[in-house]
Amino acid sequence: MARPGKGSATFSGLDGLEAAARRRLSGAVWGYVAGGAGEERTLAENEAAFSRWVLRPRVGAGVREVDLSTTLLGTTVRAPFFVAPTAYHGEIHPGGERATAASTGALGLLGVYSTLSSDSLETIALASGRHPRWFQLYFQRRWKDSLALVRRAEAAGYGAVVVTLDAPVLGSRDRQARSGFAIRSSPPVGNGPGAASPPRGPEWHGGPYAPRGGDVSWQAVRRIVAATQLPVVAKGILTAEDARRAVESGVRAVYVSNHGGRQLDRAPASLDALPEVVRAVGSSAEVYLDGGVRRGSDALVALGLGARAVGLGRPVLWALAAGGQDGVGRFLRLFGSELANALLLLGRGSPHEVDGTNIAPVGSARGRPPHGPGRPSPPRSVRAR
Ligand SMILES: Cc1cc2nc3c(=O)[nH]c(=O)nc-3n(C[C@H](O)[C@H](O)[C@H](O)COP(=O)(O)O)c2cc1C
């Protein structure tokens, strides 16, 4: 948790945010927030992938006003970025998810909240006000527990269920283990005993390796789709094959993510996986992306590659650590301002106007064709990954 008594928000710009959070958190909690899986190759690649693209500004467009608003599954939000689901905000700041939700809602942005929230999903709904929130579901070992969480989310006014599919077990979180992170809140999660974390991988002793978690399968996804009127989003998709399976299973949006590099190390960077997913999905579902988005210009690259919106994971936690509710609000406003500024400098007035012609692989001056049916192949550097 953030060390008490050190004043409020301690960053003035996006560049100082991570360091401000680092100063406020214990080594153990920092290990939880910052760490990835294994050697953290995927974690590093998530950010590096954005450096492989440039933006192609169009001057003289005469854009005098930028409107960042868009719709996500039919709900209007004020900008094409959202708070990605991350567990245990109460370990990072005493304000917990209440603080995150209050700031996010006040700005008219979407917040996605984890099964493993420190506050209950009902408390988060109250803090969000009338603003959109979606519920992230980890499949529970017992189907009735998964269903009970979905029913609670429906009753509390959540607008979608985001099923996370990349965590049948937790990844090998080496840095987190080294840091000695342990949950101190009691109870550990606000949603009660029927809201368990994916299990740790069991130790292998030469026999079959069988973790005892929920059924994370396409069949389970279809069951959720059939069980609720809420739209379902599939999170953790990194391949065209799975994107197609997701759409066939009835989901309304495909969420490209590698869990912030915390699950399978050597999984591709989210941004590198985005083009093949966008191509596979076509117009049959919305596509979102998270992983390594740090600046407004990163969001533009993802939009240029066909994402409808981007999720922010660690940066929101950094802001929460650095300044609680005020810190999250400040960060989201800074991110939005930077995105609006970059959009205007790109010569566009709305996120919907950003397309493949606005970006190019580093070293190439040529843009990609605009989006639309029959989307273009990714550049070879991306395809080869
Ligand atoms: C500390 C932490 C906790 C997370 N907890 C969850 C979670 O409970 N459920 C989930 O679907 N994803 C979880 N994620 C993954 C995020 O939703 C998101 O995919 C990732 O953070 C995006 O990468 P970024 O941190 O580079 O923005 C977590 C990520 C972090 C850093």
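Our focus in this paragraph is the overall build of the protein chain. Per the secondary structure count, the protein chain includes 13 helices and twelve strands. Against the 2.2 N^0.38 benchmark of 21 Å for 385 residues, the protein chain shows a C-alpha radius of gyration of 20 Å, consistent with a compact globule. Here the C-alpha coordinates of the protein chain stretch approximately 60 × 50 × 40 Å along the principal axes. When the 385 residues of the protein chain are sorted by exposure, 56% land in the buried category. Partitioning the contacts of the protein chain with sequence separation of at least 6, the portion at a separation of at least 24 is 73%. Here the protein chain displays about 16300 Å² of accessible surface, and carbon together with sulfur accounts for 50% of that area.

This part takes up the sheet that holds strand β4 (residues 81-83). As summarised here, the arrangement of the eight strands in space is β4-β5-β6-β7-β8-β9-β10-β11, forming a closed barrel in which the pairing is parallel. Mean inter-strand twist for the sheet, computed between neighbouring axes without regard to direction, equals 30°. Bridge analysis of strand β7 (residues 161-164) against strand β8 (residues 232-237) gives four bridges, and the strand direction is parallel. Residue Val 161 lies in a different strand from β8, and its bridge partner there is Val 232. Helix α12 (residues 314-346) rests against β4 and β11 (309-312) of the sheet, and its axis sits at about 170° to β4.

Bringing helix α6 (residues 143-155) into the picture now. For α6, built from 13 residues, the straight-helix expectation of 18 Å at 1.5 Å per residue is met to within 8% by its first-to-last C-alpha distance of 18 Å. Looking only at α6, the buried set comprises Asp 145, Ser 146, Leu 149, Val 150 and Ala 153. Summarising the axial view, the buried residues of α6 lie within an arc of 140°, below the 170-degree limit, and thus occupy one face. α6 presents Lys 144 and Ala 155 as exposed residues on the side facing more than 90 degrees away from its buried surface. As for α6, its buried residues are in contact with α5 (121-128), β6 (133-137), β7 and α8 (218-227). Gly 157 lies just past α6 and shows a positive phi near 80°.

Right, let's get into the site of the ligand. The environment of the ligand is formed by 23 residues, the closest being Pro 85, Ser 114, Thr 164, Asp 290 and Arg 294. A distance of 2.6 Å separates an oxygen atom of the ligand from a polar backbone atom of Pro 85. His 259 is positioned such that a nitrogen or oxygen atom in its side chain is 3.3 Å from a nitrogen atom of the ligand. Of all the secondary-structure elements, those providing two or more residues to the shell around the ligand are α2 (27-34) and α12. Looking at which element gives the most residues to the shell around the ligand, the answer is α12, with three residues.

Among the secondary structure elements, Ala 155 is positioned in helix α6. When its relative accessible area of 72% is taken as the criterion, Ala 155 is described as exposed. As a C-alpha pair, Ala 155 and Glu 122 span 33 residues in sequence and 8.7 Å in three-dimensional space.

To continue, consider the nonpolar core. General note: in soluble globular proteins, nonpolar side chains tend to be found buried as a group. In terms of nonpolar packing, the biggest core is built from 97 residues, with Leu 271, Leu 274, Leu 289 and Phe 331 touching the most fellow members. Here this core takes 15 residues from α12, the largest share from any one element. Among residues more than four places away in sequence, those in contact with Leu 274 are Val 256, Val 287, Leu 289, Ala 302, Leu 305 and Ala 307.

A word on the packing of aromatic side chains. For the structure on display, the rule yields nine aromatic pairs. Measuring from centroid to centroid gives 5.9 Å for Tyr 32 and Tyr 88, while their planes differ by 50°, and the two rings are tilted. Of this pair, Tyr 32 sits in helix α2 while Tyr 88 sits in the loop between β4 and α4 (96-106), placing them 56 residues apart in sequence. Their ring planes at 10° and their centres at 4.5 Å tell us that Tyr 32 and Phe 181 sit as a pair that is stacked. In this pair, Tyr 32 sits in helix α2 while Phe 181 sits in the loop between α7 (174-179) and α8, placing the two residues 149 residues apart along the sequence. Both residues of the pair, Tyr 32 and Phe 181, count as buried. Here the aromatic residues Phe 82, Trp 134, Tyr 255 and Tyr 288 are joined through ring pairs into a cluster of three or more. The side chain of Arg 223 reaches across the aromatic face of Trp 143, ending 4.0 Å from its centre. A cation over an aromatic ring shows up here: Arg 330 above the ring of Phe 11, its NZ or CZ 5.9 Å from the ring centre.

Here the focus is the confidence of the model for the protein chain. Averaged over every residue, the pLDDT of the protein chain is 93; residues scoring 70 or more account for 94%. Below pLDDT 50 for its whole length, residues 372-385 participates in 24 contacts with residues either more than four positions away or in separate chains.

What follows deals with the packing of α4 against α5. The interhelical angle for the contact between α4 and α5, taken along N-to-C directions, is 30°, at an axis separation of 7 Å. Where α4 crosses over α5, the two elements pack in a sense that is right-handed. Of the residues in α5, those touching α4 at Glu 97, Arg 98, Ala 101, Ala 102 and Gly 105 are Thr 123, Ile 124, Ala 127 and Ser 128. Tallied by class, residues from the contact of α4 with α5 come to four nonpolar, three polar and two charged.

For the rest of this paragraph, the subject is the pattern of salt bridges. Tallied over the entire structure, the rule returns twelve salt bridges. Across the pair Arg 142 and Asp 145 runs a salt bridge whose closest N-O atoms are separated by 3.0 Å. Residue classification places Arg 142 among the partly exposed residues on the basis of a relative accessible area of 47%. Since its relative accessible area comes to 16%, Asp 145 is described here as buried. Here Glu 286 and Arg 308 are joined by a salt bridge, their closest N and O atoms 3.4 Å apart.

What counts as what
- Residues numbered from 1 in each chain as written.
- Predicted model: local features only at pLDDT ≥ 70, side-chain atom pairs only at ≥ 80, totals over all residues.
- Heavy atoms only, no water.
- Helix = DSSP H or I, 4+ residues; strand = E, 2+ residues; numbered from the N terminus.
- Rg over C-alpha atoms; globule rule 2.2 N^0.38 Å.
- Buried < 20%, exposed > 50% of the residue type's maximum accessible area, 1.4 Å probe, protein only.
- Contact = heavy atoms within 4.5 Å.
- Areas by Shrake-Rupley, 256 points an atom, 1.4 Å probe, with all protein chains shown as cover.
- Pairing = 2+ DSSP bridges.
- Axes fitted to C-alpha atoms, helices over the stretch in contact; angles between N-to-C directions.
- Expected span 1.5 Å × (residues − 1).
- Arc of directions from axis to C-beta.
- Near = heavy atom within 4 Å.
- Polar contact = N/O pair within 3.5 Å; in protein donor to acceptor, adjacent residues only side chain to side chain.
- Core = buried A, V, L, I, M, F, W, Y, C linked by side-chain atoms within 4.5 Å.
- Phe/Tyr/Trp six-rings, centres within 6.5 Å; stacked < 30°, edge-to-face > 60°.
- Lys NZ or Arg CZ within 6 Å of the ring centre and 35° of its normal.
- pLDDT = per-residue confidence, 0-100.
- Left-handed = near helix turned anticlockwise from the far one by under 90°.
- Nonpolar A, V, L, I, M, F, W, Y, C, P; charged D, E, K, R; others polar.
- Salt bridge = Lys/Arg side-chain N within 4 Å of Asp/Glu carboxyl O.

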